[in-house]
Amino acid sequence: MRFFTRFAPGFAGFITLVYAAALPAAEGAAPAKADPARGRQVASTVCVACHGADGNSTIPTNPILAGQVADYIANQLAAFKSGARPSPIMKGMASPLSPEDMHNLGAWFAAYPDDDLDAALDVLTGAPTYPSDRDRFVSVAGTVRERWPAGADSLGVPTWVYADEPTSAFSTHVAKYFTNSIREDGLLALARAGVVYAAGGAGTAQEIFTDAAQNTNTLYEVRSPMVFFERAFYEEAEPELVAAVRRQAAAFGWAELVTVVDDASDVLAFLGAHDPDGRGSTVARGRRRPDGR
Ligand code: HEC
């Protein structure tokens, strides 16, 4: 199981947004070894018209695929095929593709083999926390950038209130500064597959309540799991945050999407079991309408 996570910049960066795209495709596990040559063949006959044979699209409406993470491409193709990510154009393109083809195409467009992602994550695992050693926190990220310079484009969306913190070292583009409430509403809307909350301050509390409101009102088509990471914080230091979310969730029928865990593998297991785009999900519903239906 592989997750692709992005750390939002700023103090609120201590939450990890897990995008739907990140989750393993419903189509099943990746084949043992993807074949980029086969991917190239399909790309040069089918995808070339819009994305370019090597993925360097020059037309703004067709995303650039060159340099993307291989699993991201494969998972998006599976999501287009299943309809989890709606796109009339791409549904037509992805429908004939087998899961093997999706992984082959991912391998062809990707800048690096998947093993490199694991290696990069290993380097980042050795980073200290930001408050304990600011310089090294930043320099570890720099090491990853130097070793793998051809990453995909990504957007950092900083807030103006945390003046002493660096924007994510992995952002190739930085958006205008927003107030935290506006920024979080957008990021949380994107995080279909769930949000993991580490211990945090005022910004994190704000995110928790914004996320709870999005879930209760099903504002963005699905209800997403909320995982509170670290019992010492969420059950002992500040238990009222989770208690308020649980009351809200119980009243509106999404209690099973809230959990408090202490172990990273429990985070992954919970998100995998409650993926709103996965098969058998019971809590993905249409948006609530004013008449209550
Ligand atoms: C007729 C034009 C067209 C063709 C042909 C086409 N695509 Fe696309 N593709 C698009 C458009 C437009 C989008 C943006 C869809 C959206 O986000 O709603 C897209 C999006 C994607 C994405 C998501 C990228 C992202 O950043 O999330 C992937 C992956 C993708 N296409 C892969 C392929 C592959 C692989 C092929 C060939 C099998 C292909 N496409 C063929 C037009 C096309």
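Keep in mind the model is a prediction, meaning the values are calculated, not measured.

## What to know about the overall build of the chain
- Helix and strand content of the chain: 11 helices and seven strands.
- Here the chain holds 293 residues, and the buried ones make up 31% of them.
- Summarising the internal contacts of the chain: among those between residues at least 6 apart in sequence, 66% fall at separations of at least 24.

## Remarks on the confidence of the model for the chain
- Summarising the model, the chain shows a mean pLDDT of 82, and 83% of its residues fall at 70 or more.
- The least confident element of the chain, judged by mean pLDDT, is strand β1 (residues 5–7) at 35; the most confident is strand β7 (residues 258–261) at 98.
- Scored below 50 in pLDDT, residues 1–31 shows 95 contacts in the model against residues more than four places distant or in partner chains.
- Taken as a whole, residues 280–284 scores under 50 in pLDDT and shows 10 contacts with residues more than four places along the chain or in a different chain.

## Let's talk about unusual backbone geometry
- Here Thr-218, not a glycine, exhibits a phi torsion of approximately 45 degrees, which is positive.
- Position of Thr-218 relative to the elements: it lies in the loop between α8 (202–216) and β6 (226–229).
- Positive phi is not limited to glycine here, since Glu-230 has a value of about 105 degrees.
- With respect to the element layout, Glu-230 can be found in the loop between β6 and α9 (231–237).

## Brief notes about the site of the ligand
- The environment of the ligand is formed by 18 residues, the closest being Cys-47, Cys-50, Pro-63, Ser-87 and Met-93.
- Residue assignment for the shell around the ligand shows that the elements contributing at least two residues are α1 (36–51), α2 (70–82) and α3 (88–94).
- Split into classes, the residues belonging to the shell around the ligand amount to 13 nonpolar, five polar and no charged.

## Details of the packing of α8 against helix α10 (residues 239–252)
- At their nearest, the axes of α8 and α10 sit 10 Å apart, and the two run at 5 degrees to each other. Here α10 runs roughly parallel to α8, going by the angle between their axes. In contact with Ala-205, Ile-208, Ala-212 and Thr-216 of α8, α10 contributes Leu-241, Val-245, Gln-248 and Phe-252.
- Of the residues assigned to the contact of α8 with α10, the class counts are six nonpolar, two polar and no charged.

## Describing the environment of Glu-184
- Relative to the helices and strands, Glu-184 resides in helix α7 (residues 180–190).
- For Glu-184, a count of 27 C-beta atoms within 10 Å gives the class buried.
- Distance from Glu-184 to Thr-204, taken between C-alpha atoms, is 9.5 Å for residues 20 residues apart in sequence.

## Comments concerning the environment of Gly-126
- By the secondary structure assignment, Gly-126 is in the loop between α5 (114–125) and α6 (134–147).
- Overall, Gly-126 belongs to the exposed group, with 9 C-beta atoms counted inside 10 Å.
- C-alpha separation for the pair Gly-126 and Arg-136, spaced 10 residues apart in sequence, amounts to 9.9 Å.

## Some points on α8
- Between its first and last C-alpha atoms α8 spans 21 Å; for 15 residues at 1.5 Å apiece the expected length is 21 Å, and the two agree.
- Taken together, the buried positions of α8 are occupied by Gly-203, Glu-207, Ile-208, Asp-211, Ala-212 and Asn-215.
- Among the residues trailing α8, Thr-218 stands out with phi positive, at a value near 45 degrees.

Cut-offs used in this document
- Residues numbered from 1 in each chain as written.
- Predicted model: local features only at pLDDT ≥ 70, side-chain atom pairs only at ≥ 80, totals over all residues.
- Helix = DSSP H or I, 4+ residues; strand = E, 2+ residues; numbered from the N terminus.
- Buried ≥ 20, exposed ≤ 12 C-beta atoms within 10 Å, placed from the backbone.
- Contact = placed C-beta atoms within 7 Å.
- pLDDT = per-residue confidence, 0-100.
- Near = placed C-beta within 6 Å.
- Nonpolar A, V, L, I, M, F, W, Y, C, P; charged D, E, K, R; others polar.
- Axes fitted to C-alpha atoms, helices over the stretch in contact; angles between N-to-C directions.
- Parallel < 35°, antiparallel > 145°, perpendicular 65-115°, else oblique.
- Expected span 1.5 Å × (residues − 1).

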